[in-house]
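Chain and residue survey
These are the residues of each chain, in order.
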Amino acid sequence: MALIEIKKLSKIYGEGDNETRALLNTDLVIERGDFVAVMGPSGSGKSTLLHILGFLDDYSFGQYLFDGKEVGKYLPDEVARLRNQKFGFVFQAFNLLPRTSVLENVKMPLVYSDVPEREWDNLARRAIEAVGLTHRAEHEPSQLSGGEKQRAAIARALVNNPEVIFADEPTGNLDSKSGKAVMDIIWRLNTEQKKTVILITHETYTAEHARRIIRLLDGEVESDQLVSNRRGEGDFEK
Amino acid sequence: MRLKYSIKTAVKSLRTNRNRSFLTILGIVIGITAIMMVMSLGKGAQDLILNQIASIGSKTIAIVPGRHPTGISDSMSTFTDSLKNKDVEDLQKKSNVPHLARIMPIVFGPVVSTRGNKVHQTTVFGVNNFFAEIYNIYPEDGRLFTDEEVSSKSSVVIIGSKVKDELFEPGETVLGQKIRVKNQTLRIIGVLPNKGQFSFISFDDALIVPYTTAQQYIFGIKYFNRLVIETDTEANIAATVIDIETTLRNNHNITDPEKDDFFVETQAQAMDMVSTITNALTLFLAAVAAISLVVGGVGIMNIMLVSVTERTREIGLRKAVGATNRSILIQFLLESVILTSVGGIIGIALGTGLSFLISLILSKFVGLNWAFTFPLMAVFLGLGVSGAVGLVFGIYPARQAAMKSPMEALRYE
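Throughout what follows, the structure given in this document is the object of discussion. (Residues numbered from 1 in each chain as written. Chains lettered and ligands numbered in written order. Predicted model: local features only at pLDDT ≥ 70, side-chain atom pairs only at ≥ 80, totals over all residues.)

1. Regarding the nonpolar core
- In terms of nonpolar packing, the biggest core is built from 116 residues, with Val38, Ala155, Ile186, Ile198 and Leu199 of chain A touching the most fellow members.
- Sorting elements by how many residues they give to this core places helix 2 (residues 18-55) of chain B first, with 12 residues.
- Look past the residues within four positions of Leu199 of chain A in its chain and what remains in contact with it is Val36, Ala37, Val38, Ala167, Ile186 and Ala210 of chain A.
- Counting residues in hydrophobic clusters, the runner-up holds 47 residues, among them Ile63, Leu192, Phe203 and Ile229 of chain B. (Core = buried A, V, L, I, M, F, W, Y, C linked by C-beta atoms within 7 Å. Buried ≥ 20, exposed ≤ 12 C-beta atoms within 10 Å, placed from the backbone. Helix = DSSP H or I, 4+ residues; strand = E, 2+ residues; numbered from the N terminus. Contact = placed C-beta atoms within 7 Å.)

Rendered as structure tokens:
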């Protein structure tokens, strides 16, 4: 059974003349452990797709089966629980809490989990170590570089050991050196820890880290291809 | 979401906006301070009055002539002259009122006193020698009446401190001097100490004469304005009230208690009445003070709404990492409740401090026998009310936060 399966999924905003079709009759299957890059011009519906797949937004028509179960049938608290335990989000704008240390930021998903409080520190520090930020654990976001901020955000996405990592243009705000570091971490999460990765990007050299590239145009899947010469770790040349 | 962690998070967020938090709770602080002060000072005033009534003696019973008119046609027959000498004699009989320890008839009325070319409007109290013990006031100069002076209708007078100030120059000899009241010449045998204008029962501006003298020579009446009776023990008050009523009804040929031409008042009744009045007054003032809490609550709501808007992205993020609507609701509710509770605690401290200061000023500089009371009830009330204000006015902003769609919240700029 596929981890993610959507059938004839549509998302429509507004009514009448203001109607916007962000997604139209989209079909998509993503298996466990896959690494999918979603590309497309702005307004093509790639962010909407990611938000729907990550339970951050609802859809208008069609079906979304997560782990074989229709998502519309999950109760609100179950949805929150799934977001907490199965998903990790990485955003273009980092979304770290200001005036709050990296350690506390990384702990945040644990607050809403069943993990006992005494283990929070340990788990958060391990996640920070995994992204190579141990020396910055007590720093606040304003004291970090862009790349460090995104690595902190990745640590936060990892702390609950999720199954799926959703990354919405994670390198969009970074210089190429920092972007490389971030993509290396995401690449290793997929190859070494077998995490499913769904990545939005508009840079081809970033997308080529994935096994598969889906191109969207005007809310419809334009193409869905496997990457023939996939880039490996450390390969971030334009 | 863990409570301890939630509280820590809420406190941290409030501390981040320290100045704003402080200004926000000012309304609550003022409201709780006002309530604390009203309750503490209200209790102080009540105690002051009750103590003064109690100082007259809890074994005292007052008999007042007259009755409430039952209608307009009845208004003429209020029997203000119903208490006579025979009543006093009969009440003194052991067979009628066995627990009577002493009885003091009182006659009083306004008079003009003169001395040379000095004129002073004052009040005459005609009493007997139990006066000093019952009201706990003794002449600071001179003496009380003798029993002989009472029975022989002597023209002697004990004057209050204010009367002395009005009729005499400072340093002038007072004892033995004469003053005139209604064509009677009275010889001063004593001067009462100054008890202060805040006293509930004051003889500062009064002339104290034997009741016999007052009846015959000053007012020309045969009845009494009041009879004060002391029982042997406090326990016998209820029984004595019944004995008094039986004796007086007998004397006045009354069979129907509805038609009594006198009232019997006990100390306890008077205290009850004072308590009821002061409690109502305190409650009313506290209610007025509570209005400021509503104003403060609206301020809290306003700033919490601002906070929710400002932190839209934080809300979106928390939801994205697994926060339920409930945990977001609790987080913001906790912030407003902590905010108002802190305001409540500051208000309690401030209100208690100010009440203590005012009590100190009243007792040390104004000379009142005023005791500071720590209003424990008001403390719980203040804490409860301030917490409730946070809850009531925090629920709307917190709901606004909880209902945000995570995707829209994350997109918010």
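Anyway, onward from the coordinates.
2. Here's the deal with the pairing of strand 6 (residues 178-181) of chain B
Residues and elements named next belong to chain B.
- Here strand 6 shows a buried face lined by Ile179 and Val181 and an unburied face lined by Lys178 and Arg180.
- Looking at chain direction, strand 2 (residues 100-115) and strand 6 are connected through two bridges and run antiparallel. By the bridge assignment for strand 6, Thr114 is matched with Arg180.
- Where strand 6 lies against strand 7 (residues 184-191), four bridges are found, and the strand directions are antiparallel. Bridging across to strand 7, Ile179 finds its partner in Leu186.
- Remark: two residues form the turn of the hairpin made by strand 6 and strand 7, two consecutive strands paired antiparallel; Lys182 in that turn has positive phi of roughly 45°. (Pairing = 2+ DSSP bridges.)

3. Structural notes on helix 3 (residues 102-111) of chain A
- When you tally the buried positions in helix 3 of chain A, you get 10 out of 10 residues, the bulk of the element.
- Looking only at helix 3 of chain A, the buried set comprises Val102, Leu103, Glu104, Asn105, Val106, Lys107, Met108, Pro109, Leu110 and Val111 of chain A.
- Packed against the buried residues of helix 3 of chain A are helix 2 (76-86), helix 4 (120-130) and helix 5 (146-158) of chain A together with helix 1 (3-16) and helix 10 (312-320) of chain B.

4. A word on the interface of chain A and chain B
- Across the boundary between the two partners, chain A contributes 20 residues, which contact 19 residues of chain B.
- For the side of chain A that touches chain B, the element with the highest residue contribution is helix 2 of chain A, accounting for six residues.
- Residues belonging to the side of chain A that touches chain B are distributed by class as follows: 10 nonpolar, four polar and six charged. (Nonpolar A, V, L, I, M, F, W, Y, C, P; charged D, E, K, R; others polar.)

5. Overview of the sheet that holds strand 5 (residues 69-70) of chain A
All names here are of chain A.
- With respect to topology, four strands assemble into an open sheet ordered 2-1-4-5, the strand pairing being antiparallel. Looking at strand neighbours, the two that pair on one side only are strand 2 (20-30) and strand 5, the edges of this open sheet.
- Where strand 1 (residues 4-13) and strand 4 (residues 61-66) come together, five bridges link them in antiparallel fashion. Bridging from a neighbouring strand, Lys7 pairs with Gln63 of strand 4.

6. Some remarks on unusual backbone geometry
All names here are of chain A.
- Of note, the phi angle at Lys8 is positive, near 50°, even though the residue is not glycine.
- You can see Lys8 is positioned in strand 1.
- Classification of Lys8 as exposed rests on a count of 11 C-beta atoms within 10 Å.

7. So, the packing of helix 11 (residues 325-364) of chain B against helix 12 (residues 376-402) of chain B
Residues and elements named next belong to chain B.
- Across the interface, helix 11 lies against helix 12 with an axial gap of 7 Å and an inter-helix angle of 150°. The orientation of helix 11 with respect to helix 12, classified from their angle, is roughly antiparallel. You can see that helix 11 and helix 12 cross each other, and the crossing is right-handed.
- Residue classes in the contact of helix 11 with helix 12 are distributed as 17 nonpolar, 12 polar and one charged. (Axes fitted to C-alpha atoms, helices over the stretch in contact; angles between N-to-C directions. Parallel < 35°, antiparallel > 145°, perpendicular 65-115°, else oblique. Left-handed = near helix turned anticlockwise from the far one by under 90°.)

8. Looking at the environment of Ser152 of chain B
- Secondary-structure assignment places Ser152 of chain B in the loop between helix 5 (147-151) and strand 5 (156-159).
- With 58 residues separating them along the chain, Ser152 of chain B and Pro210 of chain B place their C-alpha atoms 9.2 Å apart.

9. Here we look at the sheet that holds strand 9 (residues 212-217) of chain A
Residues and elements named next belong to chain A.
- Taken together, the six strands give an open sheet; going across it, the order is 6-7-8-3-9-10, and neighbouring strands pair in mixed fashion. With partners counted over all chains shown, the strands left at the sheet margins are strand 6 (87-90) and strand 10 (220-226), one partner each. Here the average twist between neighbouring strands, direction ignored, is 15°.
- One ladder, built from four bridges, connects strand 3 (residues 35-39) with strand 9; its direction is parallel. Bridge assignment links Val36 to a residue of strand 9, and that residue is Arg212.
- On the sheet, helix 1 (residues 46-53) packs against strand 3, strand 7 (164-168), strand 8 (196-200) and strand 9 and is oriented at approximately 150° with respect to strand 8.

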